[in-house]
Amino acid sequence: MAKNLLFSHDSDIDGLGCAVLSKLAFYDVDCIFVANVEKLELIFREYINLHKFDEYADIYVTDLALYEPSLTMVAESSLKNKVHVFDHHKRAIEAGMNKYSFTKIVEEDKKGKRCGTSLFYDYLIENNLIISTPAIREFVELTRLEDTWEWKKSKVVGEKAHDLAILFNAIGLNNYISSITFKLLNNPVSFELSEEEKDLIKSKKEEYNNFLQSILSSAEYFLDENNNKFGIVFADYEYRNELAEYIRNHGNLEAIKYFIVVAMDKGEFGQKSYRSIEDNFDVNEVAVMHGGGGHPGAASVNITKEQKAKALVLTKKEGLKYLADSKYLI
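Cut-offs applied
- Residues numbered from 1 in each chain as written.
- Predicted model: local features only at pLDDT ≥ 70, side-chain atom pairs only at ≥ 80, totals over all residues.
- Heavy atoms only, no water.
- Helix = DSSP H or I, 4+ residues; strand = E, 2+ residues; numbered from the N terminus.
- Rg over C-alpha atoms; globule rule 2.2 N^0.38 Å.
- Buried < 20%, exposed > 50% of the residue type's maximum accessible area, 1.4 Å probe, protein only.
- Contact = heavy atoms within 4.5 Å.
- Salt bridge = Lys/Arg side-chain N within 4 Å of Asp/Glu carboxyl O.
- Core = buried A, V, L, I, M, F, W, Y, C linked by side-chain atoms within 4.5 Å.
- Disulfide = S-S within 2.5 Å.
- 1 Å grid on protein atoms, 1.4 Å probe; cavity = no way out; pocket = protein on both sides within 12 Å on 5 of 7 lines; lining within 4 Å.
- Points joined across faces, edges and corners; volume = space filled by probe spheres on them.
- Nonpolar A, V, L, I, M, F, W, Y, C, P; charged D, E, K, R; others polar.
- Polar contact = N/O pair within 3.5 Å; in protein donor to acceptor, adjacent residues only side chain to side chain.
- Phe/Tyr/Trp six-rings, centres within 6.5 Å; stacked < 30°, edge-to-face > 60°.
- Lys NZ or Arg CZ within 6 Å of the ring centre and 35° of its normal.

A. Structural context of the overall build of the protein chain. Regarding its fold elements, the protein chain presents 13 helices and 13 strands. Relative to its length of 330 residues, the protein chain is compact, with a C-alpha radius of gyration of 20 Å against a globular reference of 20 Å. Taken along its principal axes, the extent of the C-alpha atoms in the protein chain is 55 × 45 × 35 Å. The buried share of the protein chain, taken over its 330 residues, is 55%. Within the protein chain, residue pairs in contact and separated by at least 24 positions form 65% of the contacts whose partners lie at least 6 positions apart.

B. Quick peek at the pattern of salt bridges. Applying the stated rule across the entire model yields 24 salt bridges. Residue Arg-91 is joined to Glu-38 by a salt bridge in which the shortest nitrogen-to-oxygen separation is 3.2 Å. Highlighted residues: Arg-91 in helix H4 (residues 90-94) and Glu-38 in helix H2 (residues 37-49), separated in sequence by 53 residues. Each of Asp-109, Lys-111, Arg-114 and Asp-122 takes part in salt bridges that share partners, so that together they form one network.

C. Representation of the nonpolar core. In this structure, Leu-21, Phe-120, Leu-164, Tyr-176, Leu-184, Leu-243 and Phe-259 are the most contacted members of the largest nonpolar core, which totals 57 residues. Looking at this core, the elements with two or more residues in it are helix H1 (13-25), helix H5 (116-126), helix H6 (134-147), helix H7 (155-171), helix H8 (173-186), helix H9 (195-216), helix H10 (240-249) and strand E10 (258-263). Per-element tally for this core: the top contributor is H1, with eight residues.

D. View of the state of the cysteines. Applying the stated rule across the entire model yields zero disulfides. The structure places no disulfide on Cys-18, whose sulfur is separated from the nearest cysteine sulfur, that of Cys-115, by 6.9 Å.

E. Highlighting empty space enclosed by the protein. Summed over the entire model, instances satisfying the criterion amount to two cavities of 30 Å³ or more. Taken as a whole, the largest cavity encloses approximately 640 Å³ of empty space. Lining the largest cavity are 43 residues; nearest its centre among them are His-9, Asp-12, His-89, Tyr-237 and Ser-300. The element contributing the most residues to the lining of the largest cavity is strand E13 (residues 298-302), with five residues. Its residues placed into classes, the lining of the largest cavity shows 15 nonpolar, 16 polar and twelve charged. In this structure, the second largest cavity occupies an estimated 40 Å³ of space. Lining the second largest cavity, in full, are Asp-224, Glu-225, Phe-230, Tyr-258, Ile-260, Tyr-274, Val-286, His-290, Ala-324 and Asp-325. At the level of secondary structure, the elements contributing two or more residues to the lining of the second largest cavity comprise E10 and helix H13 (316-325).

F. Highlighting the side chain of Arg-275. Among the structural elements, Arg-275 can be located in strand E11 (residues 271-276). At 2.7 Å, the side chain of Arg-275 forms a polar contact with the side chain of Asn-241. Those residues in contact with Arg-275, other than ones at most four positions away along the chain, are Trp-149, Arg-240, Asn-241, Ala-244, Tyr-258, Phe-259, Val-283, Gly-297, Ala-298 and Ala-299.

G. Looking closely at the layout of surface pockets. Here the largest pocket is characterised by a volume of approximately 590 Å³. Lining the largest pocket are 22 residues, and of these Lys-113, Thr-148, Trp-149, Pro-296 and Gly-297 sit closest to its centre. Its residues placed into classes, the lining of the largest pocket shows five nonpolar, six polar and eleven charged. By volume, the second largest pocket is sized at about 460 Å³. Lining the second largest pocket are 23 residues, with Asn-36, Glu-38, Lys-39, Leu-42 and Tyr-328 sitting closest to its centre. Put simply, the parts of the chain that give the lining of the second largest pocket at least two residues each are H2 and helix H12 (305-311). With six residues, H2 is the largest single contributor of residues to the lining of the second largest pocket. Tallied by class, the residues present in the lining of the second largest pocket amount to nine nonpolar, five polar and nine charged.

H. Main features of the packing of aromatic side chains. Inspection of the entire model under this criterion finds 19 aromatic pairs. Centroid distance Tyr-47 to Phe-53: 5.3 Å. Interplanar angle 40 degrees. Geometry classified as tilted. An identical accessibility class is assigned to Tyr-47 and Phe-53; each is buried. Here Tyr-208 and Tyr-239 contribute two aromatic rings whose centre-to-centre distance is 5.6 Å and whose plane-to-plane angle is 75 degrees, an arrangement assigned as edge-to-face. Taken as a pair, Tyr-208 in helix H9 and Tyr-239 in the loop between strand E9 (229-234) and H10 lie far apart in primary sequence, 31 residues in all. Neither residue differs from the other here; Tyr-208 and Tyr-239 are each classed as buried. The ring of Tyr-47 is capped by Lys-52, whose NZ or CZ atom sits 4.8 Å from the centre of that ring. Against the face of Phe-222 rests Lys-321, its NZ or CZ located 5.9 Å from the ring centre.

Structure (structure tokens):
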């Protein structure tokens, strides 16, 4: 039986949810995880140039979109018949990446807000590549709720969705994929977390509560190009969502529109994660201005080698201001 290949996002449970579905759908699948579209582009073009795709029946790109020149290279070759791209990021839609027969990039449709996992799941069902079960459907919906930030509106179910993200932070990429895959294979009736997993999640939440205030005490606050007040801090990548939640839940005392977590442990040279604090403030617009993108509530911008080197020799406040103003250029 022919082997399949999946490229997916390594940063959150949406990219990992696609990997879980691929494990359930295909007898033999290789998974490659990347931090961003720039890294995906480099690896994808290398595979094309070295004819590495020849050994695969189908190639799936999930929770990320291919950009140029890869899209044209696929469109003008036989690869267009076996490459399938599923993404939901506004940046990709605005860049016109949805015009190809092999790309499906949808942020929202009649089913509501979408994510990579839900789009990939629909494809697998429509092509009879996976057998639907109540547990799989629940897992896909929990992943969607977390990734679209709708978990905050869904009370008990939303809390369970967010717990999946905390579980990922607690056990890591490979353990998360293997644990969820095992769970879905062995209990098709309902999606349940084990007592051990619940204990890990509880412990991680306690860690967050004890640590977030100390992180925020080192944050700096500035006005951006459009006179919007924002906060920014150096912190590990895993705290990007929890810091934003902490600020919202504690009254947004600095009255900021958005918050940036500068995570030097993310990607090759670091990444800026933007999170909306004020309702309906679109951080994607801010991220796009600085060479990145994402969603209205959550977006990111990569940090270059040169920017990292300069930031680290400045004072903390100067370094944060410099990085906040910096633009990512390929």
